[in-house]
Amino acid sequence: SVLWLRSALRVRDNDALQQALEAGGDGLLILYVWRFGRVPKTPAQVFECAAVGALQRELAARGSSLQTCIATTDEQAVSTVAEAAAAVCASTVIIDASGLDGSALPPGLET
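Predicted model, so just to flag it, every value in this text is computed and none were measured.

### Quick look at the nonpolar core
And step 1. If you look at the biggest cluster of nonpolar residues, it comprises 16 residues, and the most contacted ones within it are Leu3, Leu5, Leu9, Ile30, Leu55 and Leu66.
And step 2. Looking at this core, the elements that each hand over two or more residues are β1 (2-5), α1 (15-23), β2 (29-34) and α2 (43-61).
And step 3. For this core, the element with the highest residue contribution is α2, accounting for four residues.
And step 4. If near-sequence neighbours (up to four positions away) are discounted, Leu66 is found in contact with Leu5, Ile30, Leu31, Tyr32, Val52, Leu55, Gln56 and Leu59.
And step 5. With 12 residues, the next largest nonpolar core counts Val33, Cys69, Ala71 and Ile95 among its residues.

### Focus on α2
And step 1. In this model, α2 (19 residues) spans 27 Å end to end at C-alpha, consistent with the 27 Å of a helix rising 1.5 Å per residue.
And step 2. Of all the residues in α2, the buried ones are Gln45, Glu48, Ala51, Val52, Gly53, Leu55 and Leu59.
And step 3. Looking at the buried positions of α2, the neighbouring elements they touch are β1, β2 and β3 (67-70).

### What to know about the pattern of salt bridges
Pairing between side chains of opposite charge can happen when their charged atoms approach one another.
And step 1. Applying the stated criterion across every chain, the model contains three salt bridges.
And step 2. The salt bridge partner of Arg35 is Glu48, with a shortest N-O separation of 3.7 Å. Of this pair, Arg35 sits in the loop between β2 and α2 while Glu48 sits in helix α2, placing them 13 residues apart in sequence.
And step 3. Exposure remark for Glu48: the relative accessible area of 16% places this residue in the buried category.

### Looking at the pairing of β3
The side chains of a regular strand alternate, residue by residue, between the two faces of the sheet.
And step 1. With four bridges joining them, β2 and β3 adopt parallel strand pairing. Bridged to Tyr32 within β3 is Thr68.
And step 2. You can see the chain leave β2, run along α2 and come back into β3, and the turn it takes is right-handed.

### What to know about the side chain of Asp96
And step 1. Note on placement: Asp96 falls in the segment after β4 (93-95).
And step 2. Buried within the structure, Asp96 lacks any salt-bridge partner; Arg10 is the closest side chain of opposite charge, at an N-O distance of 6.6 Å.
And step 3. From its side chain, Asp96 meets the backbone nitrogen of Arg6 in a polar contact 3.1 Å long.
And step 4. Within the structure, Asp96 has its side chain in polar contact with the backbone nitrogen of Ala8 (distance 2.6 Å).
And step 5. If we skip the residues at most four places from it in the chain, Asp96 touches Trp4, Leu5, Arg6, Ser7, Ala8 and Ala16.

### A short note on the sheet that holds β1
And step 1. The strand order β3-β2-β1-β4 describes an open sheet built from four strands, whose pairing is parallel. With partners counted over all chains shown, the strands left at the sheet margins are β3 and β4, one partner each. Neighbour-to-neighbour, the strand axes of this sheet turn through a mean angle of 25°, independent of strand direction.
And step 2. The pairing of β1 with β2 spans four bridges and is classified as parallel. Of the residues in β2, the one forming a bridge with Val2 is Leu29.

Conventions adopted
Along each chain, residues carry numbers from 1 onward, in the same order as the chain's sequence is written. Totals for whole chains, interfaces and linings use every residue, but because this is a predicted model, local features are given only for residues with pLDDT of at least 70 and side-chain atom pairs only at 80 or more, for both listing and counting. The side-chain figures draw on all heavy atoms in the structure; neither hydrogens nor water molecules are used. Take the buried residues of types Ala, Val, Leu, Ile, Met, Phe, Trp, Tyr and Cys, join any two whose side-chain atoms come within 4.5 Å, and each joined set is a nonpolar core. Remark: exposure states derive from per-residue accessible area (1.4 Å probe, protein chains only) relative to the maximum for the residue type, with buried under 20%, exposed over 50%, and partly exposed in between. Each helix is a run of DSSP H or I of at least 4 residues and each strand a run of E of at least 2, with the numbering of both proceeding from the N terminus. For this analysis, residues touch if any pair of their heavy atoms sits within 4.5 Å. By this rule, a helix spans an expected 1.5 Å times one less than how many residues it contains. A carboxyl oxygen of Asp or Glu within 4 Å of a side-chain nitrogen of Lys or Arg is what we treat as a salt bridge. Criterion used throughout: strands pair if DSSP finds at least two bridges between them. Handedness of a crossover: with both strands directed away from the viewer, a clockwise path from the first strand across the helix to the second marks it as right-handed. Charge assignment: positive for Lys and Arg, negative for Asp and Glu; neither His nor the chain ends contribute. In the analysis that follows, any N or O atom pair within 3.5 Å is treated as a polar contact, provided that within protein one partner can donate a hydrogen and the other can accept it, and provided that, for residues neighboring in sequence, both atoms belong to side chains. Lines fitted to C-alpha atoms define the axes, with helix axes restricted to the stretch in contact, and inter-axis angles between N-to-C directions lie between 0 and 180 degrees.

Here's what the structure looks like:
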């Protein structure tokens, strides 16, 4: 399985992470796609960058990891996730959409 974390950058009370762990079976790749270029430019981007770092450390302490990728458009993000899923032969892609309504997801995707 692949878990694409979009906004829930934490282990505690993360419904998408729990769903991905339950789906298991073929292993789990946890993926985060950074959408803001190479360097954070706003306070919100700096905060998100720090949250990604904290999540990486927390997952590492639990024996797991977070793969991060860079994409500047929704289409690139979807393509990146699809390529990662194909690379690990994942049968399931779970998308974290906490805090988002369905209209905020890239076209063609559902929670």
